[in-house]
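# Report on the structure
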Amino acid sequence: MSGGADTRAGGTRSEGAQGAGPQGGGARSGSAAPPLLEVRDLRKHFPVRGGILNRTVAWVKAVDDVDLHVRPGEVLGIVGESGCGKSTTARLLMHLIRADAGRVTFDGALVQADDAAGLREVRRQMQMVFQDSYSSLNPRLPIEETIMFGPKVHGVSAGAARERARELFTLVGLDPAQFIRRYPHELSGGQRQRVNIARALALEPRLLILDEAVSALDKSVEAQVLNLLLALRRELGLTYVFISHDLNVVQYMSDRVLVMYLGKVVEIGPTADIYERMQHPYTEALLSAMPSMDPDRRTERPPLTGDPPNPINPPPGCRFHTRCRFADDVCRRAEPRLAPVQGAGGGTGGDGRGGRDGGNDRNGGNGRNDTGGSHLVACHMRAVGSGHGLAPG
Amino acid sequence: MHNPAHAGTARSPLVRAEDVTVRFESRDATVQAVNSVSFTLDPGEVLCILGESGSGKSVTLRALMRLLPPRRSFLTGRIEIGGRDVLAMSERALADLRGTEVGMIFQEPMVAFDPVYSVGRQITETIVRHEGVGRPEATRRALDLLERVRIPSPARRLRAYPHELSGGMRQRAMIALALSCRPSLLLADEPTTALDATVQIQILLLLRELQRELGMAVIFVTHDVGVAVEIADRIAVMYGGRFVETGPVGQIMRDPRHPYTRGLLTSTVHGSLRGTLLEAIPGSPPDMTRLPPGCAFAPRCRYAEPRCEAPPPAVDLSPRHMVRCVRAA
Ligand SMILES: Nc1ncnc2c1ncn2[C@@H]1O[C@H](COP(=O)(O)OP(=O)(O)O)[C@@H](O)[C@H]1O
Ligand SMILES: Nc1ncnc2c1ncn2[C@@H]1O[C@H](COP(=O)(O)OP(=O)(O)O)[C@@H](O)[C@H]1O
Ligand code: SF4
Ligand SMILES: [Mg+2]
Ligand SMILES: [Mg+2]
C-alpha cells in the first residue's frame, strides 16, 4: 500500500456542480460543498477459525482499504455481487462494527471510535434501513411505539414523540389513523419498509444508508418505495448511500456509483460514466450480465464463466485477474490502485483523489469537472499511468 | 387453430391443464392459491409463469406433479402430461413420471440433493433406477452430464458432496440430476433467483442451450421480467392465483393488455426511466385468503368499473394471446 496516501488530503477539492439527480435535486448545496461523509483506507478483515484449537487459519478481507466520499444531497450507489463487502462497508460507516483501520470524517469532523458522545451524535445524523423489514421493528410493540422510541431516548417528551410519529407516518404515505396501532406482522412488506424509513427519519438524520432496502419487495411495491425515497430526499434535503445488487435500481437512484469486487473498490464515477463508459472489465461484465428486456436481443454469451472466487485469501494482484480476459503478468503481480481513467478527460480535479496514484498529478485539471465527480478505475489496463494501453472496445 | 411453428405435424400438446384449482384449508382460513388455471404446452416449448410473490406460481408448478401437502390441500381440475391423466395416477405411476418424463429444479438446490451422498452417487442411482442400465454405464452418463452442464473437473466433482460445491456449481449439479433421465418436460421454480448476476446469466443460457439440444419443454417460474425475457417462448402472467394474460414473449413485452401486466412492466425499473417518476401500482398484492369474487386486481386497478366485480372472461385477442379483463372484450 502506498504510504503517501494522505499527502494530498486537504488538497484541491473543487467539486463540480452536482450532477442533476434523478428528480432534479432541488435541495442541493453549493458546488464547492465539502463531503458530508468521507472515508479513507477503511478496512475490515474477519478471522476464519478452524482446526481443533480453533485458531485463526485465514482472513476474509471483507473491506480492504476502501476510500469514498458522499457529498451533501447526493445519492451514492454501491453495487457488487453478494459477499463483495457492501453490508460490511455500511456497518463500518455506521460504526456498528469496529474497523481494523481507516478514518471516517462526518461533516468535516473526524469520527473517533472511543468518543461515545461523538459517536452517538453521528449515529443520530446517519441512519440505516435494512433489507429485512422485520429486523428493526419490535414484533411485540405497535409500530407507533417503535417510531417514538428514538426521540424519547433523545429526551423528547412522550406527547411530542407521539405527535412526531404521526407526522412521520404521513410523510411516508401511511395514514396514521389506520396504521399507528398495528403490529409489524399486520403490515405488508412494502408498508413495513415504509415504517422502517419512518423510524430512520425520526431523529432528523442528514444521511440514510439504505442497504438492499427495496430488494425484498415485489416490483410493483419497490417502485412505490423508490418514488417515496426520492420524494423524501427532495423534501428533506437528505443524502443517501444506496446499496443494492440490482444494477437497474442503482442506475435509477444514484448520482454516482461505486462498484465493489471482493472487498475492493474497482470503479467509481458519475452514474452515466459507469453505465455508458464503464472502464473496469468487471463493471463491464456485471453490466452485460443484466438480463435483456428485449426478446429480440437476448444475451448471447455470458460475460464471465465460473463462480466468483472465495473471499477467503482472495487472488493476489488484481483480485479480478482470475476471471478477466485482459489479464496479463502485471495483473497477477501488482494490485492496481484507483486512478483516473485513461483519456477520458475525467482529470484528477474532480475530488482531489487522483493523486493517490503518485505519478499522475500531471493529468489533473483538464476540465470536465461538470460531470459532477471524477471517474476512477482500479485496473492496470484502463487507468492513467499504468504504462499499458488497451484499445477500447 | 393454425400454429405455424408446428404446421403439418399437428402434434398434440405435452401438457394440458384445465381449470386447475388449489385450496389450502386450515382451521381459520382457506387460501385460494390457484384459481381455474388452464393452459397447454407443446413439446419443446418454454412457458414462463411470471408473477409477484404469493401469486400462486410455485403451487401451480407443484400441482402439475401433485407435490402438495396431502391432507391440507385440495386440488381439482384436469392435468394431462404426455396424454396421461395425472390426477388419476397411482402414487407409483406418479413417482415414475417424476423420475423419467419430468425433471424438476428449484431455487434451493439442497432441496433436490440428499446431503449425505455424493453428487455422483445420486445422479448414478437415479439413472440406474429409472433406466435399468448397469452402474458403469450410469457412471459414464453421470460424468457426461456434469460435462454438459459445464462443471469443471467433472470426475472430481462426481465424488463431491453437495455442500462442497459453490452456489453456481450446485445449481449446475441439480440441473444434471434433473436431466439424468432425459425428461421431455422440465419444471423450474426460480432456479436462478438466489444467484449473483454473473452466475445467473450463465445458468439461464445453459438452460436455454440444453432445452434446445434436448428438445425439452420447460415451465419456468420467475418473478423477474428480465429472466422471463431471456428464456421464454410464451409468458403467463399470474396474479391472485389466476393466469391474467398469456401470450408470446414479444407480444407481452411490446403490447401488454392486462392492466396488471402493464403495471408490472412500468414499475420494473430500468436505466432509461432515470429522472422520471416510476409508474408504480398503488396498494399491495391481494390477501389470498380473501380474494374478491371478481377480478383480483380490481382494488389496485385504475380502470376498475362495476363489471369487474364479476369474474372477468378470458378474452382471446388472437389464438395465442389471452387476456382476462372486461376491457379487452
Ligand atoms: N461477522 C462476520 N464474520 C465473518 N465473516 C463475515 C462477517 N460479516 C461478513 N463476513 C464476510 O465478509 C464478506 C463480505 O460480506 P458482506 O459485507 O455482507 O457482503 P455483501 O453485503 O456485499 O453481500 C463475505 O465473505 C462475508 O461472508
Ligand atoms: N403448504 C401451504 N399451505 C398453505 N398455504 C400455502 C402453502 N403453500 C403456499 N401457500 C399459499 O399459497 C399462495 C401461493 O403461494 P406460492 O405458489 O408459493 O406463491 P409464489 O407465486 O410466490 O410461488 C400464497 O398465499 C401462499 O402463502
Ligand atoms: S487489472 Fe488486469 S486483471 Fe484486473 S481488471 Fe484490469 S485487466 Fe483485468
Ligand atoms: Mg449485504
Ligand atoms: Mg414461489
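In this text the structure is predicted, and so the values were computed from the model without any measurement.

## Thoughts on the overall build of chain B
- The helix and strand inventory of chain B stands at ten helices and twelve strands.
- On C-alpha atoms alone, chain B measures out to a radius of gyration of 21 Å, which is about the 20 Å that the 2.2 N^0.38 rule sets for 329 residues.
- Overall, the C-alpha framework of chain B stretches about 65 × 50 × 50 Å when taken along its three principal axes.
- Taken across its 329 residues, chain B has 52% of its residues classed as buried.
- Counting only contacts in chain B whose residues sit at least 6 apart along the sequence, the fraction spanning at least 24 positions is 64%.
- With 41 positive and 35 negative side-chain charges, chain B shows a separation of 1 Å between the mean positions of the two kinds.

## Focus: the environment of B:R262
Residues and elements named next belong to chain B.
- You can see R262 is positioned in helix α10 (residues 259-267).
- Spatially, the C-alpha atoms of R262 and G275 are 20 Å apart, while their sequence positions differ by 13 residues.
- Those residues in contact with R262 that sit more than four places away from it in its chain are P256 and R257.

## Looking at the interface of chain B and chain A
- On the chain A side, the residues contacting the 46 residues of chain B number 45 residues.
- A combined buried area of about 3,600 Å² lies between chain B and chain A, and 54% of that area is made up of carbon and sulfur atoms.
- The largest contributions to the chain B side of the interface with chain A come from B:T198, B:V269 and B:R274, which together make up 19% of the buried area.
- Our count for the contact surface shared by chain B and chain A stands at one salt bridge.
- A salt bridge links B:R254 to A:D296; its shortest N-O distance comes to 3.2 Å.
- Between chain B and chain A we count 23 residue pairs in polar contact (both at pLDDT 80 or more) in total.
- Among the elements that take part in the side of chain B that touches chain A, helix α7 (residues 197-214) of chain B stands out by supplying eight residues, more than any other.
- Considered class by class, the residues forming the side of chain B that touches chain A number 21 nonpolar, 17 polar and eight charged.

## Quick look at the pairing of strand β3 (residues 46-50) of chain B
Residues and elements named next belong to chain B.
- The element β3 is largely enclosed, with a buried count of five among its five residues.
- Residue alternation in β3 divides its side chains into two sets, V46, C48 and L50 and L47 and I49, and both sets are buried.
- Sheet analysis places β3 next to strand β8 (residues 217-222), joined by five bridges and oriented parallel. Note on β8: the bridge partner recorded for L47 is I219.
- Looking at chain direction, β3 and strand β9 (residues 234-239) are connected through four bridges and run parallel. Within the sheet, the bridge partner assigned to C48 lies in β9 and is I235.

## Topic: the side chain of A:Q251
- For A:Q251, the position within the fold is in helix α8 (residues 247-253).
- The class of A:Q251 is buried, set by a relative accessible area of 13%.
- For A:Q251, the contacting residues outside a window of four places in its chain are A:T271, A:Y275, B:G271 and B:R274.

## Thoughts on the sheet that holds strand β1 (residues 15-25) of chain B
All names here are of chain B.
- As summarised here, the arrangement of the four strands in space is β2-β1-β4-β5, forming an open sheet in which the pairing is antiparallel. Only two strands of the sheet have a single partner each, and these edge strands are β2 (30-41) and β5 (84-85).
- As paired strands, β1 and β2 are joined by eight bridges and run antiparallel to one another. Directly across from R23, in β2, lies its bridge partner Q32.
- Along the sheet, helix α1 (residues 57-64) makes contact with β1, β2 and β4 (73-81), crossing β2 at roughly 65°.

## So, the packing of aromatic side chains
- This structure, assessed with the given rule, holds seven aromatic pairs over all chains.
- The interplanar angle of 90° and the centroid separation of 5.1 Å between the aromatic rings of A:Y261 and A:F320 together place this pair among those described as edge-to-face. Remark: A:F320 occurs in the loop between α10 (281-288) and α11 (329-333) and A:Y261 occurs in strand β9 (residues 256-261); sequence separation between them is 59 residues. Per residue, the accessibility class of A:Y261 equals that of A:F320, and both read buried.
- Ring geometry for B:Y260 versus B:F297: centroids 5.4 Å apart, planes at 65°, classification edge-to-face. Within this pair, whereas B:Y260 is found in helix α10, its partner B:F297 is found in the loop between α10 and β11 (314-318), the two being separated by 37 residues in sequence.
- Here B:Y260 falls in the buried class, since its relative accessible area comes to 0%.
- Taking the relative accessible area as the measure of exposure, B:F297 reaches 4% and is therefore buried.
- Following the ring pairs from residue to residue traces out a cluster consisting of A:Y261, A:Y282 and A:F320.
- The lysine or arginine in question, B:R327, covers the ring of B:Y303, its NZ or CZ lying 4.0 Å from the ring centre.

## Overview of the confidence of the model for chain B
All names here are of chain B.
- Here chain B averages 93 in pLDDT, and 97% of its residues register 70 or above.
- In this model, residues 1-8 is a region of pLDDT below 50 whose contacts with residues beyond four sequence positions or in other chains number seven contacts.
- Among the scores for the predicted complex, ipTM is 0.90 and pTM is 0.88.

## Brief notes about the pairing of strand β4 (residues 101-106) of chain A
All names here are of chain A.
- As defined by bridge partners, strand β1 (residues 37-50) adjoins β4 across five bridges and the pair is classed as antiparallel. Within β4, the position partnered with R43 by the bridge is A101.
- Pairing geometry for β4 and strand β5 (residues 109-110), over two bridges, is antiparallel. Bridge assignment links F106 to a residue of β5, and that residue is A109.
- Here β4 folds back onto β5 in antiparallel fashion, the turn holding two residues, of which D107 has a positive phi close to 50°.

## Describing the nonpolar core
- Judged by nonpolar contacts, the single largest core of 71 residues is most densely connected at A:I197, A:L226, A:Y240, A:F242 and A:M253.
- Considering each element in turn, this core owes the most residues, eight residues, to helix α7 (residues 219-236) of chain A.
- Discounting chain neighbours no more than four positions away, the residues touching A:Y240 are A:V70, A:E74, A:V75, A:L76, A:L208, A:L210, A:L229, A:L232, A:R233 and A:M253.
- Within the second largest apolar cluster, 64 residues are counted, among which are B:M174, B:I175, B:C295 and B:F297.

## Details of the environment of B:A29
Residues and elements named next belong to chain B.
- For A29, the location among the structural elements is in the loop between β1 and β2.
- Through-space distance from the C-alpha of A29 to that of T289 is 6.3 Å; in sequence the pair is 260 residues apart.
- Apart from the residues lying within four places of it in its own chain, the contact partners of A29 are F24 and T289.

## Focus: the site of ligand 2
All names here are of chain B.
- Surrounding ligand 2, one finds 14 residues, the nearest of these being G54, G56, K57, S58 and V59.
- Within the side chain of S58, an N or O atom sits 2.8 Å from an oxygen atom of ligand 2.
- Within the backbone of V59, one N or O atom sits 2.9 Å away from an oxygen atom of ligand 2.
- If ligand 2 stood free it would expose 560 Å²; the protein chains cover 69% of that surface.

## Focus on the packing of helix α3 (residues 143-153) of chain A against helix α4 (residues 158-171) of chain A
Residue and element names in this part refer to chain A.
- Contact pair α3 / α4: the axes reach a minimum separation of 9 Å and the direction vectors enclose 120°. Comparing their axes, α4 and α3 come out oblique. In this structure, the crossing between α3 and α4 has a hand that is right-handed. When α3 is examined against α4, the residues I143, E144, E145, I147, M148, P151 and K152 are found in contact with a partner set consisting of A158, A161, R162, A165, L168 and F169.
- A per-class count over the contact of α3 with α4 returns nine nonpolar, no polar and four charged.

Each value, and the rule that gives it
- Residues numbered from 1 in each chain as written.
- Chains lettered and ligands numbered in written order.
- Predicted model: local features only at pLDDT ≥ 70, side-chain atom pairs only at ≥ 80, totals over all residues.
- Heavy atoms only, no water.
- Helix = DSSP H or I, 4+ residues; strand = E, 2+ residues; numbered from the N terminus.
- Rg over C-alpha atoms; globule rule 2.2 N^0.38 Å.
- Buried < 20%, exposed > 50% of the residue type's maximum accessible area, 1.4 Å probe, protein only.
- Contact = heavy atoms within 4.5 Å.
- Lys, Arg positive; Asp, Glu negative; His and termini not counted.
- Charge placed at Lys NZ, Arg CZ, Asp CG, Glu CD.
- Buried area = accessible area lost by both parts, 1.4 Å probe.
- Salt bridge = Lys/Arg side-chain N within 4 Å of Asp/Glu carboxyl O.
- Polar contact = N/O pair within 3.5 Å; in protein donor to acceptor, adjacent residues only side chain to side chain.
- Nonpolar A, V, L, I, M, F, W, Y, C, P; charged D, E, K, R; others polar.
- Pairing = 2+ DSSP bridges.
- Axes fitted to C-alpha atoms, helices over the stretch in contact; angles between N-to-C directions.
- Phe/Tyr/Trp six-rings, centres within 6.5 Å; stacked < 30°, edge-to-face > 60°.
- Lys NZ or Arg CZ within 6 Å of the ring centre and 35° of its normal.
- pLDDT = per-residue confidence, 0-100.
- Core = buried A, V, L, I, M, F, W, Y, C linked by side-chain atoms within 4.5 Å.
- Near = heavy atom within 4 Å.
- Areas by Shrake-Rupley, 256 points an atom, 1.4 Å probe, with all protein chains shown as cover.
- Parallel < 35°, antiparallel > 145°, perpendicular 65-115°, else oblique.
- Left-handed = near helix turned anticlockwise from the far one by under 90°.

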